[in-house]
Amino acid sequence: MKPSKRKLSICLGAIVAVAVAIPAWVSGQTIAQGASKGSSASNTQWSIQVETVEPGEIPFAYSFQIATYESLVEELNKTHHFNSVFREGDRKAGDVPNLLVLKTTVVKYTAGSETRREVTTFSGATKVWVRTQLFTRDGKIVLDRTLDGKVRFFGSNLRATHNLARNVAKMIEQSPLPASDQAVTITAPAKLNADSPGEGHS
Amino acid sequence: MVPQEQFAQRSLSRRAVLSLCAFLLCCSIGAWTQSAAFAGGPASALRIRATHLMGFPNTKSNCNGTLLVKEDTLRFRQDGKSDAELKIPSIQGAFLGGESKQVGGVPMKVGKAATPFGGGRVISLFAHKKYDTLTVEYVDNDGGVHGAIFQLSKGEAELVRSELVAQGASLNVGSGKPAQAGSAEVSNETK
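Within every chain, residues take consecutive numbers counted from 1 along the sequence as written. Each chain takes a letter, starting from A, and each ligand takes a number, starting from 1, following the order in which they are written. For this predicted model, a pLDDT threshold of at least 70 governs which residues receive local features, and a threshold of 80 or more governs which side-chain atom pairs are given and counted, while totals over whole chains, interfaces and linings are taken from all residues.

### Notes on the overall build of chain A
Part 1 of the argument: Within chain A one finds four helices and five strands.
Part 2 of the argument: When its helices and strands are written in sequence order, chain A yields α-β-α-β-β-α-β-β-α.
Part 3 of the argument: Burial is judged by counting other C-beta atoms within 10 Å of a residue's own C-beta: 20 or more means buried, 12 or fewer means exposed, and anything between counts as partly exposed, with every C-beta placed from the backbone. In chain A, buried positions account for 36% of the 202 residues.
Part 4 of the argument: Two residues qualify as being in contact provided that their C-beta atoms, derived from the backbone, are within 7 Å of each other. Restricting to contacts in chain A with at least 6 residues of sequence separation, those with at least 24 account for 68%. A helix here means a DSSP run of H or I that spans at least four residues, while a strand means a run of E at least two residues long, and both kinds are numbered starting from the N terminus.

### Things to note about the nonpolar core
A general trend in soluble globular proteins is that nonpolar side chains are found buried together.
Part 1 of the argument: To define a nonpolar core, we join buried Ala, Val, Leu, Ile, Met, Phe, Trp, Tyr and Cys residues through C-beta atoms within 7 Å and take the resulting set. Counting residues in each nonpolar core, the largest one holds 65 residues, and the members touching the most others are A:Ile48, A:Val50, A:Leu76, B:Ile91, B:Leu134, B:Phe150 and B:Leu164.
Part 2 of the argument: Take this core: its biggest share by element is eight residues, from helix H2 (residues 62–79) of chain A.
Part 3 of the argument: B:Leu134 has contacts with B:Ala94, B:Leu96, B:Phe150, B:Leu152, B:Ala157, B:Val160 and B:Arg161, leaving out every residue within four places of it along the chain.

### Here's the deal with the interface of chain A and chain B
Part 1 of the argument: Contacts between the two partners involve 28 residues from chain A, matched on the other side by 33 residues from chain B.
Part 2 of the argument: Put simply, the parts of the chain that give the side of chain A that touches chain B at least two residues each are H2, strand S2 (85–87) and helix H3 (114–120) of chain A.
Part 3 of the argument: Residue contributions to the side of chain A that touches chain B peak at seven residues, all from H2(A).
Part 4 of the argument: Each residue is assigned to one of three groups, with Ala, Val, Leu, Ile, Met, Phe, Trp, Tyr, Cys and Pro labelled nonpolar, Asp, Glu, Lys and Arg labelled charged, and all others, Gly among them, labelled polar. Per-class residue counts for the side of chain A that touches chain B are 12 nonpolar, eight polar and eight charged.

### Points about the sheet that holds strand S6 (residues 128–139) of chain B
Sheet strands associate in pairs through backbone hydrogen bonding, adopting either a parallel or an antiparallel arrangement.
Part 1 of the argument: At least two bridges found by DSSP between two strands are what make those strands a pair. Taken in spatial order, the seven strands make up an open sheet running S4-S3-S2-S1-S7-S6-S5 (chain B), and their pairing is antiparallel. This sheet does not close on itself; its edge strands, each paired only once, are strand S4 (83–87) and strand S5 (91–102) of chain B. Taking each pair of neighbouring strands and ignoring which way they run, the sheet shows an average axis angle of 35°.
Part 2 of the argument: Across 11 bridges, the pairing between S5(B) and S6(B) is antiparallel. When the bridges of S6(B) are listed, B:Phe95 appears paired with B:Thr135.
Part 3 of the argument: Whenever a helix is involved, its axis is fitted only over the stretch in contact; in every case the axis is a line through C-alpha atoms, and angles between N-to-C directions fall within 0 to 180 degrees. In this fold H2(A) packs onto strand S1 (46–54), S5, S6 and strand S7 (145–153) of chain B, with an angle of close to 130° to the strand it touches most, S7(B).

### Describing the environment of A:Val53
Residues and elements named next belong to chain A.
Part 1 of the argument: On the secondary structure map, valine 53 appears in the loop between strand S1 (47–50) and H2.
Part 2 of the argument: Taking the C-beta count within 10 Å as the criterion, valine 53 has 25 such neighbours and is therefore assigned buried.
Part 3 of the argument: In this structure, the C-alpha to C-alpha distance between valine 53 and lysine 5, residues 48 residues apart in sequence, is 79 Å.
Part 4 of the argument: If near-sequence neighbours (up to four positions away) are discounted, valine 53 is found in contact with Gln65, Thr68, Tyr69, Thr104 and Val106.

### Re the environment of B:Leu46
Residues and elements named next belong to chain B.
Part 1 of the argument: Note that leucine 46 resides in strand S1.
Part 2 of the argument: Here leucine 46 falls in the partly exposed class, since 18 other C-beta atoms lie within 10 Å of it.
Part 3 of the argument: C-alpha separation for the pair leucine 46 and asparagine 62, spaced 16 residues apart in sequence, amounts to 21 Å.
Part 4 of the argument: Other than its neighbours up to four places away in sequence, leucine 46 contacts Leu68, Val69, Leu159, Val160 and Glu163.

### Overview of the sheet that holds strand S3 (residues 99–110) of chain A
Residues and elements named next belong to chain A.
Part 1 of the argument: In spatial order, the strands read S2-S1-S3-S4-S5; together these five strands make up an open sheet with mixed pairing. Across the chains shown, the open sheet's two edge strands, defined by having one partner strand only, are S2 and strand S5 (141–151). Going across the sheet, the axis of each strand differs from the next one's by a mean of 25°, ignoring polarity.
Part 2 of the argument: Strand contacts of H2: S1, S2 and S3, with the helix running at about 165° to S1, the strand carrying the most contacts.
Part 3 of the argument: Sitting on the sheet, helix H4 (residues 159–174) is in contact with strand S4 (126–136) and S5, with an inclination near 145° to S5.

### Here's the deal with H4(A)
Part 1 of the argument: The terminal C-alpha atoms of H4(A) lie 23 Å apart, and with 16 residues this matches the ideal 22 Å at 1.5 Å per residue to within 8%.
Part 2 of the argument: The set of residues buried in H4(A) consists of A:Ala160, A:Thr161, A:His162, A:Asn163, A:Leu164, A:Ala165, A:Arg166, A:Asn167, A:Val168, A:Ala169 and A:Ile172. Working rule for helices: expected span equals 1.5 Å times residues minus one.

Here you go:
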């Protein structure tokens, strides 16, 4: 066999080996990714029930309470993080084995003005801070955070509730939830500071 | 002379007949429009233009349409689409609020942004309008609580609420929270 033919056959062999090896490596990676995704979504056995927003002592408009509640239900549904998302009073939630209850209480509210925002840019922001608590059915706290929703520049005042709900849903999605019925407190209750009371920001 | 008198008399009678016909036509048009406005008597008592902000079943958010209180149902007729409806007995609360919003939407925003020397801010100062908001809390067949928010012209939300009460909506059932929140809402928005 001539040296040139030998080189050619070596090259061909190498190409064939690479062609066989790469798909196997890629499929192995895909399987690994699937497995890691599966482990990160280990809390998908939970269902969640969203309670209506408690205004507490804050003069929080009723339309804002309902808008926050509706946005929370919508955003939690969008995450696909829970088996089911129930509303307050839903009788079907009684039959579900692993149920978390989301309680939202308004901690602070700064009423803004769309016109002021448009005219001055730097003032007139609508801000709302809420304490978000996740309970198990037997009352154990799984998650306790304070988050906010703001409208600083564009949009109507109600948009603050949408931003707030998105922050809450994102926080719940990123938080590790315990295995079923072994609930433990994950975070301590947040403290309310002057301007940024919570850990989450819009 | 005799034919001329006859002609004058005929033209006079023609005019009388024509004016009578015109009068009858006007009357019939008036009666027809009135009957169209109150078709079916008290069943179609209220029909108000509104913007659905969120929460009403099978309706897109932020869409314009007509709010109807009719035959034991609260209906929202989206422009050019079919009705979405809600049974009035399922309504647990209806709360009023107010909101001042910028008018004109996106075209106005673009116009304001394009106005030189900060003229857009001056336009914003005057291009706002006060609206009423009507928040309706209702329950579905499984008992789950829902809420819908509508934006109406100033003074019209009260009409809808009164009509809901008249049609038998059991408002403010449960805790006293909604009433407090409603009053807070009004006071808050009037700032």
